[in-house]
There are 2 protein chains.
Amino acid sequence: MTDRADILDPMADHRDHYHHGNLREALLDAAECMIVESGVAGLSLRQVAKHAGVSQAAPYHHFASKEALLAEVARRGFAKLVAGLSAAATEPDPIARMAGLGAAYVQFGLENPAVYRLMFGAEFCPTEVFPELKESGDRAFSILMEAVAHGQALGVFWGDEPSTPSFAVWSSVHGLVSLLMARVPPEKVMHGVPMTHESMMAATMAFIIAGLRGERVLAP
Amino acid sequence: MTDRADILDPMADHRDHYHHGNLREALLDAAECMIVESGVAGLSLRQVAKHAGVSQAAPYHHFASKEALLAEVARRGFAKLVAGLSAAATEPDPIARMAGLGAAYVQFGLENPAVYRLMFGAEFCPTEVFPELKESGDRAFSILMEAVAHGQALGVFWGDEPSTPSFAVWSSVHGLVSLLMARVPPEKVMHGVPMTHESMMAATMAFIIAGLRGERVLAP
DNA sequence: TCGACCATCTTGACGTCGTTAAGTTAGGCG
DNA sequence: CGCCTAACTTAACGACGTCAAGATGGTCGA
């Protein structure tokens, strides 16, 4: 099809142009696009291939299975999430940094709900089968933990051990995103009180800050 | 097969014994059992039917589709969750009640991870298609909101509007269960600190109590 | 310049899946 | 006793994931 185009357009300096151009990336793009439109559950590898303009078996020269392709889409998602968090992690004030991290996290989740579900769904591409996925997630967690340790070092946050409160923070924000996606349409009103995504997020962040600053209430 | 068994065993007083006995419940039981063993993604309706001892098309006389059967399994899960929460909701002390609700919620999630994922996954049986699922979830939320309002009425919890902080509580606990299931094996050690499910839960509950008691830190 | 190599992609096939249509069985009621 | 209808079976359709075998075309040493 693009017989002469490869000569006229030698943009791929390395080895990115194979037979049909960079099929691996094209498949990933197509899969992500189709996931965003129709969800993960109904995704068909054959349609991904058709969408990329190749035959049904072509993807198997770049991915071991449909699950492996989905895992790579999820890995890209984690990379994007880490990029967003990193941008927010430069803020020096601990509370402002934590608020920025939370906002970046929620923004990523609500802007990429399908990919977010794929990343944390564990039904498709489980972390046991694809350990690089777990590693990508841990990288995001490290940014959060660094922010907690930063606040602890300055005496703004309680304690001196960052991993446990970091996990509690992650739980809160992850739960917020999950519930906002699954159960709260943006205009929902409950018992006469409007529940906007913004107010839900403000309440969760208030919980997080209160938890980070406060003393323990329950034993241990 | 059970030609005479129906006569020898007339336990089903109402109309529960059709051709093969109560196939609807048998299918639900088989599906739940198979989901627990192998997850939702790989579940096959044909295997569910075979597991129940009927042909491939038999389920369609009791459920409109595979998704509808899964939705009913999820609905049963919500009923079980509500039962567990209700038992913990009798405690009069607000903080103890909240801790009990959290423990009951986490216990349900960790004891039924596959069904929990189905309930909140939103990939299979979405709430838009099965509104009774949403209703079941709202019933669980009401128990939590009642507990928050109870604490607010006694002046133990901050504020006088229960739905927003209740949502933050739900977020935290839901996120805790999700992350414990997906990313934290029970024996995980992170940066030299052992992260047990119990310590993660204690930290999250401390956050929740602190958030419920404390003043707002961020501007709403 | 040419031929061999090899990664890349296609064709075709297998078994399984969800779902539907048409036929079969058996208990309930006239 | 015979019809009715719900419950179930058999058979089939198209789509799916995946693999084996063959076609294709760029790369590189001779």
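Above this text is the structure in question.
Residues numbered from 1 in each chain as written. Chains lettered and ligands numbered in written order. Predicted model: local features only at pLDDT ≥ 70, side-chain atom pairs only at ≥ 80, totals over all residues. Heavy atoms only, no water.

1. Some thoughts on the protein's contact with DNA strand C
Selection rule: Residues are classed as near a molecule or strand on a simple rule: at least one heavy atom within 4 Å of it. The definition of a polar contact used here is a pair of N or O atoms within 3.5 Å, where within protein one atom must be able to donate a hydrogen and the other to accept one, and adjacent residues in sequence count solely through side-chain atom pairs. For helices the rule is a DSSP run of H or I covering at least 4 residues; for strands it is a run of E covering at least 2, with both sets numbered from the N terminus onward. Any residue outside Ala, Val, Leu, Ile, Met, Phe, Trp, Tyr, Cys, Pro, Asp, Glu, Lys and Arg is labelled polar, Gly included; the first ten of those are nonpolar and the last four are charged.
Taken together, 23 residues surround DNA strand C, and among them A:Ser55, A:His61, A:His62, B:Arg46 and B:Tyr60 come closest. Expressed as a percentage, the sugar and phosphate content of the atoms of DNA strand C within 4 Å of the protein is 48%. Within the side chain of B:Gln56, a nitrogen or oxygen atom sits 3.3 Å from a base oxygen of DNA strand C. Within the side chain of B:Tyr60, a nitrogen or oxygen atom sits 2.7 Å from a phosphate oxygen of DNA strand C. The element that contributes the greatest number of residues to the surface near DNA strand C is helix α3 (residues 45-52) of chain B, accounting for 3 residues. Among the residues forming the surface near DNA strand C, the class breakdown is 9 nonpolar, 11 polar and 3 charged.

2. Section: the packing of aromatic side chains
Residues and elements named next belong to chain A. We apply this condition: Stacked, tilted and edge-to-face are the three classes applied to pairs of Phe, Tyr and Trp rings, where Trp contributes its six-membered ring and a pair requires centres within 6.5 Å; stacked means planes under 30 degrees apart, edge-to-face means over 60, and tilted covers the rest. Burial status follows relative accessibility: with a 1.4 Å probe on protein chains alone, a residue under 20% of its type maximum counts as buried, one over 50% as exposed, and anything between as partly exposed.
According to the stated counting rule, one finds 11 aromatic pairs over all chains in the structure shown. On the basis of an interplanar angle of 40° and a centroid distance of 4.7 Å, the ring pair of Tyr-116 and Phe-120 is categorised as tilted. With Tyr-116 and Phe-120 both in helix α6 (residues 113-121), this residue pair falls 4 residues apart, about one helical turn. Accessibility classification places Tyr-116 together with Phe-120 in one group, the buried group.

3. Side note on the environment of A:Phe207
Residues and elements named next belong to chain A. Counting through the fold element by element, Phe-207 comes out in helix α9 (residues 197-213). By relative accessible area, which is 7% here, Phe-207 ends up buried. Separated by 35 residues in sequence, Phe-207 and Ser-172 have C-alpha atoms that sit 8.5 Å apart.

4. Quick notes on the interface of chain A and chain B
What counts here: Pairs of residues are marked as contacts when any of their non-hydrogen atoms sit within 4.5 Å. By definition, the buried area sums, over both parts, the 1.4 Å-probe accessible area that each loses when the two are put together. Whenever Lys or Arg places a side-chain nitrogen within 4 Å of a carboxyl oxygen from Asp or Glu, that contact is recorded as a salt bridge.
At the junction of the two partners, chain A supplies 59 residues and chain B supplies 58 residues. Of the roughly 5000 Å² buried at the junction of chain A and chain B (both faces included), carbon and sulfur atoms supply 72%. Of all residues in chain A, the largest losses of buried area upon contact with chain B belong to A:Phe167, A:Arg183 and A:Phe207, amounting jointly to 17% of the total for that side. Between chain A and chain B we count 2 salt bridges in total. Among the salt bridges present, the one from B:Arg117 reaches A:Glu123, with a minimum N-O distance of 3.2 Å. The tally of links from chain A across to chain B stands at 7 residue pairs in polar contact (both at pLDDT 80 or more). Elements that contribute at least two residues to the side of chain A that touches chain B include exactly α5 (94-111), α6, α7 (131-153), α8 (163-183) and α9 of chain A. The leading source of residues in the side of chain A that touches chain B is α8(A), at 17 residues. Considering only residue class, the side of chain A that touches chain B consists of 35 nonpolar, 15 polar and 9 charged.

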